[in-house]
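Report on the structure
As a plain string of letters, each chain reads:
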Amino acid sequence: MRTFYLETFGCQMNEHDSEKVAGLLMAQGLERVEDPWQADLVLYNTCSIREKAERKVFSRLSEFRRPRGEGKLLGVLGCVAQREGLRIFERAPQVRLVCGSASYPQLPELLARAEAGERRLSGLDLAVESTFETPLVCRDSPYRAYVTIVEGCDKACAYCVVPSARGGERSRSSASVMAEIRQLAQQGYTEVQLLGQNVNCYRDPSPAGWDFVTLLARVAQVPGLRRVRFVTSHPRDFGREIVAAIDTYPVLAEHVHLPVQSGSSRVLASMQRLYNREEYLQRIEWIRSARRQIAISTDVIVGFPGETEADFQQTLSLLEEVRFDSAFSFKYSRRPLTAAAARDAQIPEEEKSRRLAALLERQRAIQLRRNGELVGTVQEVLVEDYHPATGQWVGRTSQNRVLNFASAAGDGRSLLGRYVQARVTRAGPNSLVGESLPDLV
Ligand code: SAM
Ligand code: SF4
């Protein structure tokens, strides 16, 4: 095998896992290609959080049925691999490799066995020491680096496949996290994003025994870093100390992602989320009373089994009360082997769609208002992209907003990776428009 194609579905953690897999394969001498039909090895790093994501993977796999896919080694990685395991070989016989995220360090060995002629290979052991040690990461961005600090999840939300797809919660040692981050800073990365399904449950397994806030404070003091982000925080484990840390260390970005899922305490209890509406709002109050202006984003599920119109209205009222800076909203997706899948009172698809549309409309109006409040302000952005067609640079603010701006100072690629001050001149629901302040570049 000389070339590989790797496509990623799903969350940030999968994106980062793919960076690790690509690094591992490139260290074996394989070259990455952008077209699966040019590749000897075709890998899909999959997501099973919603049925739609899973269906997409199987439809991709079907393209490689014989005779078209002859001669290629087709592999399924990630959450679908872990959950479906060896059943994938029956459902898609053209697949030869199935490997869950905890087993990626075994990939070189599995591929060697495949080359030696073994027909079907799998790495599905969740107990395998996870991929925390990552010397071979091939990072997508030259400015922002992802660093996994917690793997898996010990909670049991009634709708969620994560615990069965990624295993129980395991924290990485603080020494290992700090070593990776110091090295990234030395390599020139200025933004680091700490990753975990519930990142704030971090608990250093080494004798140092740091909690999440201690880790945050130490990371914030690594020379060379300009921004530190962390996702995802679970509301139940979100304490005031996190807000105090953001106030203390300017390097910590002004943004918290705090998934609420529902505004109804009754639904939250039925989801087994371990907090109610009031407790959630209490955390919002802590964040809003910070000295810095901290943006808040969230995830919402509509149409969870048993969700009534009154429950849904409570979600809408929570959106208004919090005025989230952004929200990812999903129709509840019934996932096999989760507690909610077996429940009666499933909500019809059309009703879920209606609720989702109503929620999106409400949130869009909120975002338009919130972004509008920023018109006239000056924001610091990390410049990530340039669109030659419009002559605009694309940057991200500390609050995680996208700001497209024109710059008299910009020539070609010169602003990429730099921190630039830009004045906001217009606001849409999903992004800001502005112009850079030449003196302050
Ligand atoms: N650990 C994070 C938490 O507890 O907030 C979330 C992790 S999950 C990968 C990301 C989001 O997917 C969740 O916040 C939830 O909104 C959504 N999600 C998970 N399972 C879902 C399901 N069965 N149907 C619809 N959305 C789902
Ligand atoms: Fe899934 Fe709940 Fe764990 Fe988040 S906390 S990953 S939603 S089970």
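Residues numbered from 1 in each chain as written. Chains lettered and ligands numbered in written order. Predicted model: local features only at pLDDT ≥ 70, side-chain atom pairs only at ≥ 80, totals over all residues. Heavy atoms only, no water.

What about the site of ligand 2?
By nearness alone, every residue bordering ligand 2 is listed as Cys153, Lys155, Cys157, Tyr159, Cys160, Val162, Pro163, Gln197, Asn198, His234 and Arg273. For the shell around ligand 2, the per-class residue count stands at six nonpolar, three polar and two charged. (Near = heavy atom within 4 Å. Nonpolar A, V, L, I, M, F, W, Y, C, P; charged D, E, K, R; others polar.)

Quick look at the packing of helix α8 (residues 212-220) against helix α9 (residues 240-248)
Packing of α8 against α9 brings their axes to within 10 Å, and their N-to-C directions diverge by 10°. The pairing of α8 with α9 is recorded here as roughly parallel in orientation. Taking contact as the criterion, the partners of Phe212, Val213 and Leu216 in α8 are, on α9, Glu241, Ile242 and Ala245. The class makeup of the residues in the contact of α8 with α9 is five nonpolar, no polar and one charged. (Axes fitted to C-alpha atoms, helices over the stretch in contact; angles between N-to-C directions. Helix = DSSP H or I, 4+ residues; strand = E, 2+ residues; numbered from the N terminus. Parallel < 35°, antiparallel > 145°, perpendicular 65-115°, else oblique. Contact = heavy atoms within 4.5 Å.)

Examining the nonpolar core
Judged by nonpolar contacts, the single largest core of 67 residues is most densely connected at Ile149, Ile181, Leu194, Leu225 and Phe230. Leave out the neighbours within four places in its chain, and isoleucine 181 touches Val147, Val192, Leu194, Val219, Val222 and Leu225. If you look at the next biggest cluster of nonpolar residues, it comprises 21 residues, including Tyr5, Ala39, Tyr44 and Ala92. (Core = buried A, V, L, I, M, F, W, Y, C linked by side-chain atoms within 4.5 Å. Buried < 20%, exposed > 50% of the residue type's maximum accessible area, 1.4 Å probe, protein only.)

Describing the site of ligand 1
Near ligand 1 lie 17 residues; those nearest to it are Gln197, Gln261, Arg273, Asp299 and Ser333. Backbone polar atom of serine 333 to a nitrogen atom of ligand 1: 2.8 Å apart, as the coordinates give it. Where the shell around ligand 1 is concerned, the elements lending two or more residues are β13 (295-302) and β14 (326-331). (Polar contact = N/O pair within 3.5 Å; in protein donor to acceptor, adjacent residues only side chain to side chain.)

Here's the deal with the packing of helix α7 (residues 174-187) against α8
One can describe the packing of α7 onto α8 by two numbers: an axis separation of 11 Å at closest approach and a directional angle of 25°. In this view, α7 runs roughly parallel relative to α8, as classed from their interaxial angle. In this structure, α7 meets α8 at a crossing whose hand is right-handed. Residue-level contacts link Ser174, Val177, Met178 and Ile181 of α7 to Leu215, Arg218 and Val219 of α8. By residue class, the composition of the contact of α7 with α8 is five nonpolar, one polar and one charged. (Left-handed = near helix turned anticlockwise from the far one by under 90°.)

Concerning the environment of serine 289
Assignment of secondary structure puts serine 289 in the loop between α11 (277-288) and β13. On the basis of relative accessibility, which here comes to 48%, the residue serine 289 falls in the partly exposed class. Spatially, the C-alpha atoms of serine 289 and valine 243 are 8.9 Å apart, while their sequence positions differ by 46 residues.

So, the side chain of threonine 190
The residue threonine 190 is located in the loop between α7 and β10 (191-195) in this model. Polar contacts involving the side chain of threonine 190 include one to the side chain of tyrosine 419, which spans 2.7 Å.

Section: the packing of aromatic side chains
Taken as a whole and assessed by the stated rule, the structure comprises ten aromatic pairs. Look at tyrosine 159 and phenylalanine 304: their rings are 6.3 Å apart centre to centre, the planes differ by 85°, and that puts the pair in the edge-to-face class. Residue tyrosine 159 is located in the loop between β8 (150-151) and α6 (162-166), and its partner phenylalanine 304 is located in the loop between β13 and α12 (309-322); the two are separated by 145 residues in the primary sequence. For tyrosine 159, a relative accessible area of 10% gives the class buried. For phenylalanine 304, a relative accessible area of 0% puts it in the buried group. (Phe/Tyr/Trp six-rings, centres within 6.5 Å; stacked < 30°, edge-to-face > 60°.)

Considerations on the sheet that holds strand β12 (residues 255-257)
Read from one edge to the other, the open sheet built from three strands follows the order β12-β13-β14, with strand pairing classed as parallel. Every other strand in the sheet has two partners, leaving β12 and β14 as the edge strands with one partner each. Each adjacent strand pair in this sheet contributes to an overall mean axis angle of 15°, direction not counted. Pairing between β12 and β13: three bridges, direction parallel. Residue pairing in the sheet places valine 256 in a bridge with isoleucine 296 of β13. (Pairing = 2+ DSSP bridges.)

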